[in-house]
Amino acid sequence: MIKDKVIIITGASSGIGEASARLLASKGAKIVLGARRTDQLQRIAEEIEAAGGQAVYAKLDVTSQADNDAIVSLAKDSFGRLDATFLNAGLMPNSMLSALKTDDWHQTVDVNIKGVLNGVAAVLPTFTAQKGGHILATSSVAGLKAYPGGAVYGGTKWFLRDFMEVLRMETAMEGTHIRATTIYPAAINTELLHTISDKGVADAMGGLYAKYGISADRIARVVEFAIDQPDDTVINEFTVGPANQPW
Ligand code: NDP
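Notes on the structure in this doc start here. Every chain's residues receive numbers from 1 upward, in the order its sequence appears when written. Local features in this predicted model are restricted to residues whose pLDDT is 70 or higher, and side-chain atom pairs enter the listing and the counts only when it is 80 or higher, whereas totals over whole chains, interfaces and linings include all residues. Heavy atoms from the whole structure form the basis of all side-chain values; hydrogens and water molecules are not counted.

### Quick look at the overall build of the protein
Helices and strands together make up the secondary structure of the protein, namely 7 helices and 9 strands. Each radius of gyration is computed over the set of C-alpha atoms, and the globule rule expresses the reference value as 2.2 Å times the number of residues to the power 0.38. Taking 247 residues into account, the globule formula puts the C-alpha radius of gyration at 18 Å, and the protein, at 17 Å, falls close to it. Seen through its principal axes, the protein has C-alpha atoms that stretch 50 × 45 × 35 Å. The buried share of the protein, reckoned over its 247 residues, is 51%. Expressed as a percentage of contacts within the protein between residues at least 6 apart in sequence, the contacts between residues at least 24 apart total 72%. Think of it this way: any DSSP run of H or I at least four residues long counts as a helix, any run of E at least two long counts as a strand, and we number them from the N terminus. Here's how the labels work: a residue is buried when its accessible area is under 20% of the maximum for its type, exposed when over 50%, partly exposed in between, all with a 1.4 Å probe on protein chains only. Contact definition: two residues touch when any of their heavy atoms are within 4.5 Å.

Now the structure itself:
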């Protein structure tokens, strides 16, 4: 059941995170929004409240452990408990390796990998103590299939497949039964392409998204479905893409 669940969403200021926040709040969840753009978060939280839902927000840079710990405290202080966290923040500054965009490489690892590690470290003590909780993460089809230009981004998303699966197995072994769900979206029309600093790559990917992109709402529906399962049931992996996707 979604109603009354307290759910943190990272990367909630746009795209998949925003769509998930709005949908889950409309089903009665209590949402804790995190991202760096607090003006966006404030607007989304106010609109959720105006529609009869409940939401609070905090400035969150996922590369900071302190920020991740603080948003867990905000969830508990605001709503008295924590049931799930959707580790969704990410960027995709694709480029050919020969372009040597090493700042992009390191930032992608910091946000897409270390940001998830920080988010998991922040919730694990709570979920372990209460013997339950749900951790969801946004990987990508780029975490299942390699493509030129996506070596570093894809690598960060491949990492999530291993990490989330081991997380599920270890918590099952330890009897804490933390549910781990990984989502592998294809082309979703969000602000993600704005994170590409290489103009040629950005233009090419823009063309691909124009042809194959689908709405972030489609991923929100999957997030809703995964969280809505009974507590003794976990859906490990979802791949979600457009019906016309040929790859
Ligand atoms: P958006 O660019 O719309 O959203 C990305 C979100 O991540 C924003 O809310 C942004 O907020 C947040 N973010 C970025 N850096 C940080 C940071 N350092 N700390 C906290 N938040 C951060 O794109 P999407 O909604 O598409 O992206 C969401 C996830 O989905 C990403 O992990 C992406 O890799 C994945 N994905 C997307 C696909 C697509 O086609 N769109 C396909 C497959 C996977 P802010 O800038 O305010 O901090």
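### A few points about the site of the ligand
Around the ligand sit 30 residues, and of these Ser13, Arg36, Tyr153, Thr190 and Tyr209 come closest. By the criterion applied in these results, polar contacts are pairs of N or O atoms within 3.5 Å in which, for protein atoms, one can donate a hydrogen and the other can accept it, and in which residues neighboring in sequence qualify only through two side-chain atoms. Contacts to the ligand include Ser13, whose side-chain N or O atom sits 2.7 Å from an oxygen atom. Between the ligand and Tyr209 there is a distance of 2.6 Å, counted from an oxygen atom to a side-chain nitrogen or oxygen. Only the protein chains shown count as cover for residues, and the accessible areas themselves come from Shrake-Rupley with a 1.4 Å probe. Taking 870 Å² as the accessible area of the ligand by itself, protein coverage stands at 96%. Think of a 1 Å grid over just the protein atoms. A cavity is a set of points where a 1.4 Å probe fits yet cannot get out, a pocket is an open set with protein on both sides within 12 Å along at least five of seven lines, and lining residues have an atom within 4 Å of a point. For a cavity or pocket, the test is whether more than half of a molecule's atoms lie within 2 Å of its grid points; if they do, the molecule sits there. Applying the majority rule of atoms within 2 Å of the grid points places the ligand in the largest pocket. For the shell around the ligand, the secondary structure elements donating two or more residues are helix 1 (15-26) and helix 5 (151-173). For the shell around the ligand, the per-class residue count stands at 15 nonpolar, 10 polar and 5 charged. Proximity is defined per residue: if any heavy atom of the residue lies within 4 Å of a molecule or strand, that residue is considered near it. Polar here means any residue outside two lists: the nonpolar Ala, Val, Leu, Ile, Met, Phe, Trp, Tyr, Cys and Pro, and the charged Asp, Glu, Lys and Arg; Gly therefore counts as polar.

### Here's the deal with the pattern of salt bridges
Salt bridges are identified by distance alone: a Lys or Arg side-chain nitrogen within 4 Å of an Asp or Glu carboxyl oxygen. Tallied over the entire structure, the rule returns 14 salt bridges. Between Arg81 and Asp83 there is a salt bridge, with its nearest N and O atoms 2.5 Å apart. Between Asp231 and Arg179 there is a salt bridge, and its shortest N-O distance comes to 3.8 Å. A residue pair is termed long-range when its members are at least 10 positions apart, and Asp231 in the loop between helix 7 (217-227) and strand 9 (237-240) and Arg179 in strand 6 (residues 178-185) qualify at 52 residues. A relative accessible area of 60% means that Asp231 is categorised as exposed. Using a relative accessible area of 6% as the deciding quantity, one classes Arg179 as buried.

### Describing the layout of surface pockets
Taken as a whole, the largest pocket encloses approximately 1000 Å³ of empty space. Taken together, 45 residues make up the lining of the largest pocket; nearest its centre are Gly90, Leu91, Met92, Tyr153 and Leu192. Sorting the residues of the lining of the largest pocket by element identifies helix 1, strand 2 (30-35), helix 4 (102-129), helix 5 and helix 6 (199-212) as the ones contributing at least two each. The dominant element in the lining of the largest pocket, judged by the number of residues it contributes, is helix 6, at 4 residues. Grid points are joined across faces, edges and corners, and a volume is the space filled by probe spheres set on the points. By volume, the second largest pocket is sized at about 200 Å³.

### Here we look at empty space enclosed by the protein
According to the stated counting rule, one finds 4 cavities of 30 Å³ or more in the structure shown. Size it by volume and the largest cavity reaches roughly 70 Å³. Sorting the residues of the lining of the largest cavity by element identifies helix 4 and helix 5 as the ones contributing at least two each. A per-class count over the lining of the largest cavity returns 6 nonpolar, 5 polar and 1 charged.

### Let's talk about the sheet that holds strand 9
Spatially, 3-2-1-4-5-6-9 is the arrangement adopted by the 7 strands of the open sheet, whose pairing is parallel. The strands lining the two open edges of the sheet, one partner per strand, are strand 3 (54-59) and strand 9. The average undirected angle you get between the axes of adjacent strands in this sheet is 15°. Whether two strands pair depends on DSSP finding at least two bridges between them. In the sheet, strand 4 (residues 84-87) pairs with strand 5 (residues 133-138) via 4 bridges, with the strands oriented parallel. By the bridge assignment for strand 5, Thr85 is matched with Ile135. Relative to strand 3, helix 2 (residues 38-50) is tilted by about 170°, and along the sheet it contacts strand 2 and strand 3. Every axis corresponds to a line fitted to the C-alpha atoms, with the helix fit spanning only the stretch in contact, and the corresponding angles, defined between N-to-C directions, vary from 0 to 180 degrees. Of the strands in this sheet, strand 4, strand 5 and strand 6 touch helix 4, which is tilted by about 170° from strand 4.

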